[in-house]
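If you want the building blocks of each chain, they are given just below.
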There are 2 protein chains.
Amino acid sequence: MQKIGIGLAGFGTVGAGVFLNLQRNRLLLAGRIGMELSVQKIVVRDPAKVRAITLPPELLAKSWRELIDDPDIQIICELMGGIDDPLELILAAIQAGKIVVTGNKALLAEHGREIFAAAMKYRVPVFFEAAAAGGVPIIMAIREAFIANHIRSMHGIINGTCNYILTQMTERGIGFQEALAEAQASGYAEADPTLDINGWDAAHKAIILASLAYGFWVGTEQIFVEGIEQITADDIRFARELGYRIKLLAIIKGDESSGIEVRVHPALIPATHVLASVHGVFNAVAVQGDVVGETLFYGRGAGQDPTASAVISDLASAALAIQAPRSHFGFTPHALYGRCKTIDEIVSQYYLRIPVLDKPGVLAQVAGVLGALNIGISSVIQPEGTEGEAVPLVLMIHDATNAQMQAALREIRALAAVKAEPRLIRVESFSS
Amino acid sequence: MQKIGIGLAGFGTVGAGVFLNLQRNRLLLAGRIGMELSVQKIVVRDPAKVRAITLPPELLAKSWRELIDDPDIQIICELMGGIDDPLELILAAIQAGKIVVTGNKALLAEHGREIFAAAMKYRVPVFFEAAAAGGVPIIMAIREAFIANHIRSMHGIINGTCNYILTQMTERGIGFQEALAEAQASGYAEADPTLDINGWDAAHKAIILASLAYGFWVGTEQIFVEGIEQITADDIRFARELGYRIKLLAIIKGDESSGIEVRVHPALIPATHVLASVHGVFNAVAVQGDVVGETLFYGRGAGQDPTASAVISDLASAALAIQAPRSHFGFTPHALYGRCKTIDEIVSQYYLRIPVLDKPGVLAQVAGVLGALNIGISSVIQPEGTEGEAVPLVLMIHDATNAQMQAALREIRALAAVKAEPRLIRVESFSS
């Protein structure tokens, strides 16, 4: 049986998971692809680090250059994390004609254009299923299964940490800080959870999905990203009273004539929508295609085994591409979709909570500001709050651009009756 | 731009949908794959038939042999339906080295072994994403995305007609015949709905999914199939009172040591399970892999456009396989899973409704029969029925084999207090 040599860069949670599962299910993989996937060398940043899974000393390489130079290694599997080192490694691998498998979403989001240009130039495929939504095969779905489709929209819950925190806040009424501390204690949030809770982990994935869907590599500076740090237990409760749940949502929409939208932010979604039922660390992506219609993909978006499942599927595809070279290298640019809309242009519905003095006339003032800016109000509630002297005034706002809403916020902040910073959360009604 | 010639056999709902969408999204497809997919010839059984979409007369071939003989045709797209003609066409195409795309589930279920043996022999890929769950890319998921996984189980709602009928019965309390008639009037059931409602359409798809998952082609005679014709409005109501919904479920389970299960039958599932929320004509498949864990795929399983989306994704894969020949031909047999369990061996939980005389002692008699056969009862209800002199006695039964239950039914039928045929419906609790 033909042996395919893999050079593994990185032996953290995912790298070790790939190594273990390749061993555990090696007979199954051999039966299915008729080849043996064999890790020949492993390189890590710190060989002395204590690890849950022992790194086999006989496979340890001194530098990633050894992996590139080894003639028995045909696939470079990059699972190091970080940006500079993996970029250098991947570009060197492509130039050396070694197929690349990576799960590095930050790297692809920031340097995808450059990496796939090199892949096309050297005709070396780059596989990256693990870079978005872990065990959920959403990249394969967008790129291959829905190739006949203009992707009208994708709505994704693609950060398990945020979804876990928001689920805990929703189910138990606790605050953000408490939920975050618990998530860290349970291993669902990292010691430094910044990239998760500020939305950028989801944003990296959204960039990859949008780029695949629309044929040009979306820049990190072109998208709007807002995290969940400012979501309060009150907001979640008020949303619930209005029939909504709050989720960190990646929203991707495309139209050939007017451009595309890529944004990641907390959003109120109808409690009856299927995405509202995605709890805890699970991921889900709802995809609307012009031919296929409405679809949904659901599964574990992170974790050792689910991510290893995605990486190994890429390793198998890479092995088959060695037997039969591919004419597709991971991302094919085209020019059917023009540009990325700025957040100021993007139309949305909104939930607006304003801490106000509890006296007559305040609603009239706020409504006056909105009306003058042509912003329509669909409903108003004044729920019981927990903010002391101020009371929450909650307005649901019809379709408006961000530019309109920011103009309104400037005027609302200046009202004497407004006691603290208003809170604006977008509402996704899935109507279009 | 390279032109890839397609010979289209069949111009019914799906064939016409493929033709139309290939035209409508041709720029997108060209941008994504760098080739032009061009239908060169079309063959139909009855050229004189009146069609919703006009068949372009200049493309009409006299026989499928013309498609095989045309040197400009590299892909044969079989969407004729039926068994004998398409089998002959597909085998001739493979021998002629033309890549095959088909959505013919009945054909693959019955002749998959033969077709894929020919595909491997002549090294010609056969693509069939449209043969299971239409627009839901479940074949790609099982075969490629989850290649690293032992598939522990698949639970599928994969017949839209049955799901539409059961949804109507559940939501409106109507009977099977009324719901079927409405489904026919609305176009959700065919004039002859036999294959849908007797479970065999779902069974064909289940055979394809199980064969891909377990590496041997499952025979139609090896599986258990039961339709929804006997489900009554009462059963649905009683199930609801017990916290369940009734769905036509394809259940596929595999274990390397004890064999695999493939069955299609109505099943009570917990109302809180995500599959209970799959309504109307939608399809969904929950897949449990040993590495990836729990996943779910959801979308439209039938209809012109969703099915065309799947067929066109196969046409694109076929076109790429012409540029870069594949080493994978659609199905790779292996011997890691041994055999298909018979229904008599299969362990399940059950809902058992027995129409009985309303007098003391009947439950004791039934419980005595079950107890003597070592069958445990988990709960009993005696709801208000609509059956005249008999009243329904409903028992929920713990794990038992079908052999045990059939033995029990023989004795229960013989009890004097039992007034009509008992009704046994399996219960899937998703516990394993």
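This write-up is about the structure you can find in this document. (Residues numbered from 1 in each chain as written. Chains lettered and ligands numbered in written order. Predicted model: local features only at pLDDT ≥ 70, side-chain atom pairs only at ≥ 80, totals over all residues. Heavy atoms only, no water.)

Description of the overall build of chain A
Part 1 of the argument: Across its full length, chain A carries 14 helices and 15 strands.
Part 2 of the argument: Its C-alpha atoms give chain A a radius of gyration of 24 Å, within 12% of the compact-globule value 22 Å for 432 residues.
Part 3 of the argument: If one aligns the C-alpha atoms of chain A with their principal axes, the spans along those axes are about 80 × 50 × 35 Å.
Part 4 of the argument: Sorting the 432 residues of chain A into buried and exposed places 62% on the buried side. (Helix = DSSP H or I, 4+ residues; strand = E, 2+ residues; numbered from the N terminus. Rg over C-alpha atoms; globule rule 2.2 N^0.38 Å. Buried < 20%, exposed > 50% of the residue type's maximum accessible area, 1.4 Å probe, protein only.)

Let's talk about the packing of helix α7 (residues 160-172) of chain B against helix α11 (residues 233-241) of chain B
All names here are of chain B.
Part 1 of the argument: Running from N to C, α7 and α11 cross one another at 70 degrees; their axes reach a closest spacing of 9 Å. Taken together, α7 and α11 sit at an angle that is classed as roughly perpendicular. As for the relative orientation of α7 and α11, their crossing is right-handed in sense. Contacts between α7 and α11 involve Leu166, Met169 and Thr170 from the first element and Ala233, Ile236 and Arg240 from the second.
Part 2 of the argument: Residue composition of the contact of α7 with α11, by class: 4 nonpolar, 1 polar and 1 charged. (Axes fitted to C-alpha atoms, helices over the stretch in contact; angles between N-to-C directions. Parallel < 35°, antiparallel > 145°, perpendicular 65-115°, else oblique. Left-handed = near helix turned anticlockwise from the far one by under 90°. Contact = heavy atoms within 4.5 Å. Nonpolar A, V, L, I, M, F, W, Y, C, P; charged D, E, K, R; others polar.)

Looking at the interface of chain B and chain A
Part 1 of the argument: The partner chain A presents 50 residues to the 49 residues of chain B that form the contact.
Part 2 of the argument: Here chain B packs against chain A, burying approximately 4,400 Å² in sum over the two surfaces, 60% of which is carbon and sulfur.
Part 3 of the argument: A per-residue breakdown of the area chain B buries against chain A is headed by Arg32, Ile147 and Val291 of chain B, which together make up 17% of the total.
Part 4 of the argument: Here chain B is connected to chain A by 2 salt bridges.
Part 5 of the argument: With its nearest N and O atoms 3.6 Å apart, the salt bridge here joins Asp290 of chain A to Arg24 of chain B.
Part 6 of the argument: In this structure, the connection of chain B to chain A is made through 16 residue pairs in polar contact (both at pLDDT 80 or more).
Part 7 of the argument: At the level of secondary structure, the elements contributing two or more residues to the side of chain B that touches chain A comprise α1 (13-24), α2 (26-33), α6 (138-145), β11 (293-300) and α12 (304-323) of chain B.
Part 8 of the argument: Of the residues in the side of chain B that touches chain A, the class split is 26 nonpolar, 15 polar and 8 charged. (Buried area = accessible area lost by both parts, 1.4 Å probe. Salt bridge = Lys/Arg side-chain N within 4 Å of Asp/Glu carboxyl O. Polar contact = N/O pair within 3.5 Å; in protein donor to acceptor, adjacent residues only side chain to side chain.)

Considering α6 of chain B
Part 1 of the argument: When you tally the buried positions in α6 of chain B, you get 8 out of 8 residues, the bulk of the element.
Part 2 of the argument: Among the residues of α6 of chain B, Ile138, Ile139, Met140, Ala141, Ile142, Arg143, Glu144 and Ala145 of chain B are the ones counted as buried.
Part 3 of the argument: The elements touched by buried residues of α6 of chain B are α6 (138-145) and α12 (304-323) of chain A together with β6 (151-157), α10 (200-214), β10 (282-289) and β11 of chain B.

Things to note about the nonpolar core
Part 1 of the argument: Counting residues in hydrophobic clusters, the biggest one holds 228 residues, and the most contacted among them are Ile138 of chain A together with Ile138 and Leu315 of chain B.
Part 2 of the argument: The residues touching Ile138 of chain A, leaving out its near neighbours within four places in the chain, are Glu129, Ala132, Ala133, Leu209, Val285, Val287 and Phe297 of chain A.
Part 3 of the argument: Formed by 36 residues, the second largest nonpolar core is a distinct cluster that contains Leu8, Val44 and Cys77 of chain A together with Ile147 of chain B. (Core = buried A, V, L, I, M, F, W, Y, C linked by side-chain atoms within 4.5 Å.)

Focus: the sheet that holds strand β2 (residues 35-43) of chain B
All names here are of chain B.
Part 1 of the argument: Ordered by their spatial adjacency, 5 strands build an open sheet running β2-β1-β3-β4-β5, and the pairing between neighbours is parallel. Edge strands, defined here as strands with exactly one partner in the open sheet, are β2 and β5 (126-127).
Part 2 of the argument: Note: strand β1 (residues 2-9) against β2, 8 bridges, orientation parallel. Paired with Gln2 across the two strands is Met35, which belongs to β2.
Part 3 of the argument: Sitting on the sheet, helix α4 (residues 84-95) touches β1, β3 (75-78), β4 (99-102) and β5, and the angle it makes with β3 is about 165 degrees. (Pairing = 2+ DSSP bridges.)

Some points on helix α1 (residues 13-24) of chain A
Residues and elements named next belong to chain A.
Part 1 of the argument: Over its 12 residues, α1 runs 16 Å from end to end, which matches the ideal 16 Å to within 8%, given 1.5 Å per residue.
Part 2 of the argument: Buried within α1 we find Gly15, Ala16, Gly17, Val18, Phe19, Asn21 and Leu22.
Part 3 of the argument: If you follow the buried residues of α1, they end up packed against β1 (2-9), α2 (26-33), β2 (35-43) and α12. (Expected span 1.5 Å × (residues − 1).)

As for the pattern of salt bridges
Part 1 of the argument: Throughout the structure, instances matching the rule amount to 39 salt bridges over all chains.
Part 2 of the argument: Here Asp85 of chain B and Arg45 of chain B are joined by a salt bridge, their closest N and O atoms 3.6 Å apart. Note that Asp85 of chain B is positioned in helix α4 and Arg45 of chain B in the loop between β2 and α3 (64-69), a separation of 40 residues in sequence.
Part 3 of the argument: Note on Asp85 of chain B: relative accessible area 31%, which makes it partly exposed.
Part 4 of the argument: Residues participating in the shared-partner salt-bridge network are Lys253, Glu261, Arg263, Lys341 and Glu428 of chain A.

Brief notes about the pairing of strand β9 (residues 259-270) of chain A
All names here are of chain A.
Part 1 of the argument: The element β9 is extensively covered by neighbouring structure, given that 12 of its 12 residues are classed as buried.
Part 2 of the argument: Here 12 bridges tie strand β8 (residues 244-255) to β9, and the two strands are oriented antiparallel to one another. When the sheet's bridge partners are listed, Leu249 is paired in β9 with His265.
Part 3 of the argument: Between β8 and the antiparallel strand that follows it, β9, lie 3 residues.
Part 4 of the argument: Of the strand pairs in this sheet, β9 and strand β15 (residues 423-427) are connected by 2 bridges, and their pairing is parallel. Bridge pairing links Ala267 to Arg426 in β15.

A short note on the environment of Ile174 of chain A
All names here are of chain A.
Part 1 of the argument: Structurally, Ile174 is set in the loop between α7 (160-172) and α8 (176-185).
Part 2 of the argument: Taking the C-alpha atoms as reference points, Ile174 and Asp234, separated by 60 residues in sequence, lie 9.5 Å from one another.
Part 3 of the argument: Sequence-distant contacts of Ile174, defined by excluding residues within four places in its chain, comprise Gln168, Met169, Ala179, Glu182 and Ala233.

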